[in-house]
Amino acid sequence: MSLESAYPVKLNDLYRDVIMDHYRRPRNKGTLEEPSVSIDLNNPVCGDEISLQLLVRDGRIEKARFMGRGCSISQASASMMAQQVEGKTLAEAEEMIARFKQMMRGDEKAGETLGDLIALHGVSKFPVRVKCALLSWEALERSLEQLR
Ligand code: ZN
């Protein structure tokens, strides 16, 4: 038995599995009947599209839903973002955006409080793909700006 087979789950494989799981079975996908804010963005470089809707009550994101199509990184990032931003205050959501952007600049530690999203930290090595990962976060950022 080789060392390789003794440790079949390498970290990169684990991260890839997390990304593919969110891509194939996206969480929080759909639309809201009466969203507080709705933002559509696309990334022409890759052809990714994201439409994000938030329902905000008393300064808290009660519901986050997205529709979209495109590469696995853009859609998995949207799925994980929408899932985790639900229930957060607007200030907490802003903090999440700051941390995710920091992680996309190569700071892995910044992603440690972001749950499954840490799986995307490797994307920071590929500038073209960073745009894919950031698309839904830019939609979130613009949503928060509109709510201000
Ligand atoms: Zn993409």
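The structure we're discussing is the one just above.
In short, a report on the structure. Every value quoted in this text rests on a predicted model; they were computed, and no experiment measured them.

## Here we look at the coordination of the zinc ion
For the zinc ion, the full set of protein donor atoms is Cys46 (SG), Asp48 (OD), Asp48 (OD), Cys71 (SG) and Cys132 (SG), at a range of 2.1 to 2.7 Å. Along the chain, the residues donating to the zinc ion are arranged with the sequence spacing C-x1-D-x22-C-x60-C. With cysteine 46 in the loop between strand S1 (37-43) and strand S2 (48-57) and cysteine 71 in the loop between strand S3 (60-69) and helix H3 (72-85), this residue pair connects regions lying 25 residues apart in the sequence. Among the residues examined, cysteine 46 registers a relative accessible area of 32% and is labelled partly exposed. For cysteine 71, a relative accessible area of 14% corresponds to the buried category.

## What to know about helix H4 (residues 90-104)
Its 15 residues place the ends of H4 21 Å apart at the C-alpha level, agreeing with the 21 Å of an ideal helix rising 1.5 Å per residue. For H4, every residue scored as buried is listed here: Ala93, Met96, Ile97, Phe100, Met103 and Met104. The buried residues of H4 occupy one face: seen down the axis, they fall within an arc of 130 degrees. At its buried positions, H4 is contacted by S3, H3 and helix H5 (127-147). One or two residues past the end of H4 sits glycine 106, with phi positive at roughly 105 degrees.

Definitions and limits used
- Residues numbered from 1 in each chain as written.
- Predicted model: local features only at pLDDT ≥ 70, side-chain atom pairs only at ≥ 80, totals over all residues.
- Heavy atoms only, no water.
- Donors = N, O, S within 2.8 Å, 3.2 Å for Na, K, Ca; no water.
- Helix = DSSP H or I, 4+ residues; strand = E, 2+ residues; numbered from the N terminus.
- Buried < 20%, exposed > 50% of the residue type's maximum accessible area, 1.4 Å probe, protein only.
- Expected span 1.5 Å × (residues − 1).
- Arc of directions from axis to C-beta.
- Contact = heavy atoms within 4.5 Å.

Coordinates in, geometry out; function isn't part of it.
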